[in-house]
Amino acid sequence: MNTNQHHADPDCIFCKIIAGQIPCHKIHEDDHTLAFLDIGPISRGHILIIPKHHAATLAELPAEAAAACGAVMPKLAAAVQQATECPASNVLQNNGQLSGQAVFHVHFHIIPRYENGSGLNFQWPAGSLSDNDAAELKQTIISYL
Ligand code: AMP
Ligand code: ZN
């Protein structure tokens, strides 16, 4: 039951799922989070964990809502791992259209990975970091904390 009032967007599909207006294959629910099967799974066992507080991207999410998601992540990851016997998984969280985000309500994907390589497929083109850039970046990021 979702009896609490949460910050919601009436046009948001995930807020509608939280409100029970749209069905989902629910796996977990508590006062601050919901987890359900992804309707378009990248691989078998792909689930989403969402905060009940509506925020489009992670940078806009209150720390308490993020903490609630983090708190349930290990047990959900463990349950998916045991249920699917996947040898590996990724946690993915997209922010912004350029990242591939399609639903603008923060969500964390847990995506099982299998031996045959089916499912998630991404490049990891590691670059390099100069001492100068590191020093400048570090200071600038810290200045915004
Ligand atoms: P993203 O690209 O990170 O925004 O991912 C959005 C995810 O939400 C996709 O993997 C979709 O398959 C999933 N999705 C969209 N609508 C629903 C829905 N009604 N129930 C479950 N998953 C959904
Ligand atoms: Zn929402």
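As a reminder, the structure under discussion sits directly above these lines.
Remember, it's a predicted structure, so these values are computed and weren't measured experimentally.

The rules we used
- Residues numbered from 1 in each chain as written.
- Chains lettered and ligands numbered in written order.
- Predicted model: local features only at pLDDT ≥ 70, side-chain atom pairs only at ≥ 80, totals over all residues.
- Heavy atoms only, no water.
- Core = buried A, V, L, I, M, F, W, Y, C linked by side-chain atoms within 4.5 Å.
- Buried < 20%, exposed > 50% of the residue type's maximum accessible area, 1.4 Å probe, protein only.
- Helix = DSSP H or I, 4+ residues; strand = E, 2+ residues; numbered from the N terminus.
- Contact = heavy atoms within 4.5 Å.
- Donors = N, O, S within 2.8 Å, 3.2 Å for Na, K, Ca; no water.
- Tetrahedral: all angles 85-135°; square planar, octahedral: opposite > 155°, others 65-115°.
- Pairing = 2+ DSSP bridges.
- Axes fitted to C-alpha atoms, helices over the stretch in contact; angles between N-to-C directions.
- Near = heavy atom within 4 Å.
- Areas by Shrake-Rupley, 256 points an atom, 1.4 Å probe, with all protein chains shown as cover.
- Nonpolar A, V, L, I, M, F, W, Y, C, P; charged D, E, K, R; others polar.

K.L.:
What exactly am I supposed to notice about the nonpolar core here?
P.N.:
Note that soluble globular proteins tend to have their nonpolar side chains buried in a common cluster. With 14 residues, the main nonpolar core has I47, I49, L76 and F108 as its most contacted residues. Residue assignment for this core shows that the elements contributing at least two residues are strand 3 (47–51), helix 2 (63–84) and strand 5 (108–113). Contacts of I47, omitting those with residues within four sequence positions, involve I27, F36, L37, D38, L76, V80, F108, H109 and I110. Counting 9 residues, the second-largest nonpolar core is a separate cluster that includes C12, C15, I18 and F36.

K.L.:
Is there a simple way to think about the coordination of the zinc ion (ligand 2) in this case?
P.N.:
For a metal with four tetrahedral donors the ideal donor-metal-donor angle is 109.5 degrees, while six octahedral donors give ideal angles of 90 or 180 degrees. In this structure, C12 (SG), C15 (SG), H54 (ND1) and H105 (ND1) serve as the protein donors to the zinc ion (ligand 2), at separations of 2.0 to 2.3 Å. The site at the zinc ion (ligand 2) holds 4 donor atoms, and with the angles between them running 105 to 117°, its shape is tetrahedral.

K.L.:
I tried to follow unusual backbone geometry on my own but got confused; where do I start?
P.N.:
Leave glycine aside and you will find that most residues have negative phi; peptide bonds, for their part, are mostly trans. Its identity is not glycine, yet E85 carries a phi of approximately 55°, on the positive side. Tracing the sequence through the fold places E85 in the loop between helix 2 and strand 4 (88–92). You can call E85 exposed: its relative accessible area is 67%.

K.L.:
Teacher, can you tell me more about the sheet that holds strand 1 (residues 26–29) here?
P.N.:
One key point about sheets: their strands pair by backbone hydrogen bonds, in either a parallel or an antiparallel sense. Ordered by their spatial adjacency, 5 strands build an open sheet running 1-2-3-5-4, and the pairing between neighbours is antiparallel. Pairing within the sheet leaves two strands with one partner each, and these edge strands are strand 1 and strand 4. Across the sheet, the mean angle from the axis of one strand to that of its neighbour is 15°, orientation sign disregarded. In this sheet, strand 5 lies alongside strand 3 in antiparallel orientation, the contact comprising 3 bridges. Counterpart to L48 in the pairing with strand 5 is H109.

K.L.:
Can you walk me through the site of ligand 1 in this structure?
P.N.:
D38, G100, A102, H107 and H109 are the nearest of the 16 residues found near ligand 1. Considered on its own, ligand 1 offers 500 Å² of accessible surface; in the complex 82% of this is hidden by protein. Secondary-structure elements contributing two or more residues to the shell around ligand 1 are helix 1 (13–18) and strand 2 (33–37). Ranked by residues supplied to the shell around ligand 1, first place goes to helix 1 with 3 residues. Across the shell around ligand 1, the residue classes break down as 9 nonpolar, 6 polar and 1 charged.

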